[in-house]
Amino acid sequence: MNCRVKICGITNLEDALQAVEAGADALGFVFYDKSPRYITPEQANAIVAQLPPFVTPVALFVNADSTLVEAVVAGSTRWTLQFHGDETPEECQRYGQPYFKAIRMKPDVDLLLEAGRFENATAILLDAYKPGVPGGTGETFDWHLIPANLPKPLILAGGLTVENVSHAVSSVQPYAVDVSGGVEKEKGQKDPLKVTQFINGAKRG
Ligand SMILES: O=C(O)c1ccccc1NCC(=O)[C@H](O)[C@H](O)COP(=O)(O)O
């Protein structure tokens, strides 16, 4: 299967272009200032301006003010948005941009009910749940909890690595996989070899 790959937490042009060269389908930029992968709208838009076609830049927010979202979106028409907090469907679609809604796997979360709220989302991203850490946890969750009939394409996230991504793709068969920490040499700095191995592992499945 042709599993797409999003490399998240991009903070510099070198990492962005290396991930694209390695076959990344999307690059994630984290506009959450408590993250070690935080990047400013200006920095991110300067990188996006250098991206070749057929690569989707994804702007990631956690309960952000509309002024921040608008500052990012104003810099490029290429953005897909990813809402990783408690945003409502109305808050997600108010910008008129395609968006992913992230759902964290809290105990007893009703995934079909929650995913069904976001009927205009282009995909649902499922991520690990760690109290106080909205994302980038580096932790997996029990993939058996994923229902077979999610109403949107599934982006699988949470603790994926070079070592587990092939199994994740073959067992879950997501539309895409997403990784932040598992391909880094240090927080906010990607390891080119891990990025390449991760993408190859995901595409091989
Ligand atoms: O990546 C971050 O630092 C981050 C911080 C706060 C909210 C979301 C964040 N990342 C969003 C993503 O889509 C990550 O790729 C996803 O949470 C998986 O992260 P990891 O477990 O480190 O692969």
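These numbers were taken from a predicted model, which means no experiment stands behind them. (Residues numbered from 1 in each chain as written. Predicted model: local features only at pLDDT ≥ 70, side-chain atom pairs only at ≥ 80, totals over all residues.)

Asker: I'm lost on the UniProt feature "domain: N-(5'phosphoribosyl) anthranilate isomerase (PRAI)" (unreviewed entry) in the chain in this one. Help?
Answerer: Sequence positions flagged by UniProt for "domain: N-(5'phosphoribosyl) anthranilate isomerase (PRAI)" (unreviewed entry) are, in local numbering, residues 5-200. Regarding residues 5-200, the helix share stands at 28% and the strand share at 21%, and the terminal C-alpha atoms are separated by 10 Å. (UniProt positions renumbered as here; feature names shortened; annotations may be inferred. Helix = DSSP H or I, 4+ residues; strand = E, 2+ residues; numbered from the N terminus.)

Asker: Just checking my understanding: could you explain the site of the ligand for this structure?
Answerer: Not every one of the 25 residues close to the ligand is listed here, only the nearest: C8, G135, G136, S180 and G181. Secondary structure elements with two or more residues in the shell around the ligand: strand 2 (26-30) and strand 8 (176-179). Per-class residue counts for the shell around the ligand are nine nonpolar, 13 polar and three charged. (Near = placed C-beta within 6 Å. Nonpolar A, V, L, I, M, F, W, Y, C, P; charged D, E, K, R; others polar.)

Asker: When you look at helix 1 (residues 13-22) in this model, what are you seeing that I'm missing?
Answerer: Since the α-helix turns once every 3.6 residues, residues separated by three or four places project in the same direction. Turning to helix 1, its buried residues are D15, A16, A19 and A22. The buried residues of helix 1 occupy an angular sector of 130 degrees when projected down its axis, which confines them to one face. Tucked into the core, helix 1 has its buried residues touching strand 1 (4-7), strand 2, helix 2 (41-48), strand 10 (189-190) and helix 7 (192-204). (Buried ≥ 20, exposed ≤ 12 C-beta atoms within 10 Å, placed from the backbone. Arc of directions from axis to C-beta. Contact = placed C-beta atoms within 7 Å.)

Asker: Explain the pairing of strand 8 here, please?
Answerer: Residues in a regular strand point their side chains to alternate faces of the sheet. The two faces of strand 8 match: A176 and D178 on one face and V177 and V179 on the other face are all buried. Inspection of the sheet shows strand 1 paired to strand 8 by four bridges, in the parallel sense. Directly across from K6, in strand 8, lies its bridge partner D178. Note: strand 7 (residues 154-156) against strand 8, two bridges, orientation parallel. Note on strand 8: the bridge partner recorded for L156 is V177. Where the polypeptide runs from strand 7 across helix 6 (residues 165-172) and back to strand 8, its parallel neighbour, the crossover connection is right-handed. (Pairing = 2+ DSSP bridges. Right-handed = clockwise from strand over helix to strand, strands pointing away.)

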